[in-house]
Amino acid sequence: DQQVKQNSPSLSVQEGRISILNCDYTNSMFDYFLWYKKYPAEGPTFLISISSIKDKNEDGRFTVFLNKSAKHLSLHIVPSQPGDSAVYFCAASKAAGNKLTFGGGTRVLVKP
Amino acid sequence: SAVISQKPSRDICQRGTSLTIQCQVDSQVTMMFWYRQQPGQSLTLIATANQGSEATYESGFVIDKFPISRPNLTFSTLTVSNMSPEDSSIYLCSVMSRRTEAFFGQGTRLTVV
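Small disclaimer: the values here were computed from a predicted structure and weren't measured.

Looking at this structure, how should I read the interface of chain B and chain A?
A common way to state how big an interface is: give the accessible area lost once the parts meet. Every contact between the two is made by 18 residues of chain B and, on the other side, 18 residues of chain A. Summing both partners gives a buried area of about 1,400 Å² for chain B against chain A, and 60% of it is carried by carbon and sulfur. The partner of Glu58(B) in a salt bridge is Lys99(A), with the nearest N and O atoms 3.0 Å apart. In this assembly, chain B and chain A are joined by four residue pairs in polar contact (both at pLDDT 80 or more). Those elements giving two or more residues to the side of chain B that touches chain A turn out to be β4 (31-37), β5 (43-50), β9 (89-96) and β10 (102-104) of chain B.

Pasting the structure below:
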């Protein structure tokens, strides 16, 4: 049973445009959510997080939106850059600092 | 942020053998986590390693297959025992920062032939 799902395995976007990555979860006990970026042959790198008491968190070009009633979160990257090409994972935990449950990942390709 | 070093970065092993992966952190951390990423799949938690106590394994993972040591607050090892081709994966160790986001090592790419 996949508790965190990323339904789009891949996304292609033009440089300068917005990338929108989506993530759905089923476990209502999750209350802390994170996004990670992963390049080949490297470990995942933390991007941004959000706790369930918020519906939006912004850090530079990255914004995460949380819709708790829909059990849905999204990551917006604006503007997209070629260096953003990577696999993006969303993750969830039952409390900040607890073990993470990951989605399947979305491979993003930003075209120059 | 924590700096995590994993060794080896990659290995090719014969089936039936065992491989021990080392994870060294540049600061003391309470909990360390071991994940597996099978080809084309997401990251799956194998176990949580606490210093001074036995590791806590997730459903589907057992100590006999994945024994873990945690001798101090900066070091842990994961052994993949009696390997089969299905164990071919990337194995990652992870720690939590004080700000609650997890940091990952660069991973160990294991191929079992």
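Alright, that's what it looks like, and here's the rest.
Whenever I open this one, the state of the cysteines confuses me. Can you help?
Here a disulfide denotes one covalent bond, and it connects the sulfur atoms of two cysteines. All names here are of chain B. Enumeration over the complete set of coordinates arrives at two disulfides over all chains. Across the disulfide from Cys 23 sits Cys 93; the S-S distance is 1.9 Å. Between Cys 23 and Cys 93 the disulfide shows an S-S torsion of about 65 degrees. By sign, it is right-handed. Here Cys 93 lies in strand β9 and Cys 23 lies in strand β3 (residues 19-25), a separation of 70 residues in the sequence. Here the two residues Cys 23 and Cys 93 agree in accessibility, since each one is buried. There is no disulfide at Cys 13, and the cysteine sulfur nearest it, in Cys 93, is 17 Å away.

Honestly, the sheet that holds strand β7 (residues 68-72) of chain B in this entry has me stumped. Any pointers?
Residues and elements named next belong to chain B. Taken in spatial order, the four strands line up as β1-β3-β8-β7 in an open sheet, and their pairing is antiparallel. On the outer flanks of this sheet lie β1 (4-7) and β7, each paired with one strand and no other. Neighbour-to-neighbour, the strand axes of the sheet open up by a mean angle of 15 degrees, direction not taken into account. Bridge count between β1 and β3: four bridges; the pairing is antiparallel. Opposite Gln 6, over in β3, you have Cys 23 as the bridge partner.

What exactly am I supposed to notice about the sheet that holds strand β3 (residues 19-25) of chain A here?
Whenever strands of a sheet pair, they do so through backbone hydrogen bonds, lying parallel or antiparallel. Residue and element names in this part refer to chain A. Taken together, five strands build an open sheet; the order of strands is β1-β3-β8-β7-β6 and the sheet is antiparallel. Whereas interior strands pair on both sides, the edge strands pair on one side only; in this sheet they are β1 (4-5) and β6 (56-59). Looking at chain direction, β1 and β3 are connected through two bridges and run antiparallel. Among the inter-strand pairings, Lys 5 is bridged to a residue of β3, identified as Asp 24.

Reading the values: rules and limits
- Residues numbered from 1 in each chain as written.
- Chains lettered and ligands numbered in written order.
- Predicted model: local features only at pLDDT ≥ 70, side-chain atom pairs only at ≥ 80, totals over all residues.
- Heavy atoms only, no water.
- Contact = heavy atoms within 4.5 Å.
- Buried area = accessible area lost by both parts, 1.4 Å probe.
- Salt bridge = Lys/Arg side-chain N within 4 Å of Asp/Glu carboxyl O.
- Polar contact = N/O pair within 3.5 Å; in protein donor to acceptor, adjacent residues only side chain to side chain.
- Helix = DSSP H or I, 4+ residues; strand = E, 2+ residues; numbered from the N terminus.
- Disulfide = S-S within 2.5 Å.
- Buried < 20%, exposed > 50% of the residue type's maximum accessible area, 1.4 Å probe, protein only.
- Pairing = 2+ DSSP bridges.
- Axes fitted to C-alpha atoms, helices over the stretch in contact; angles between N-to-C directions.

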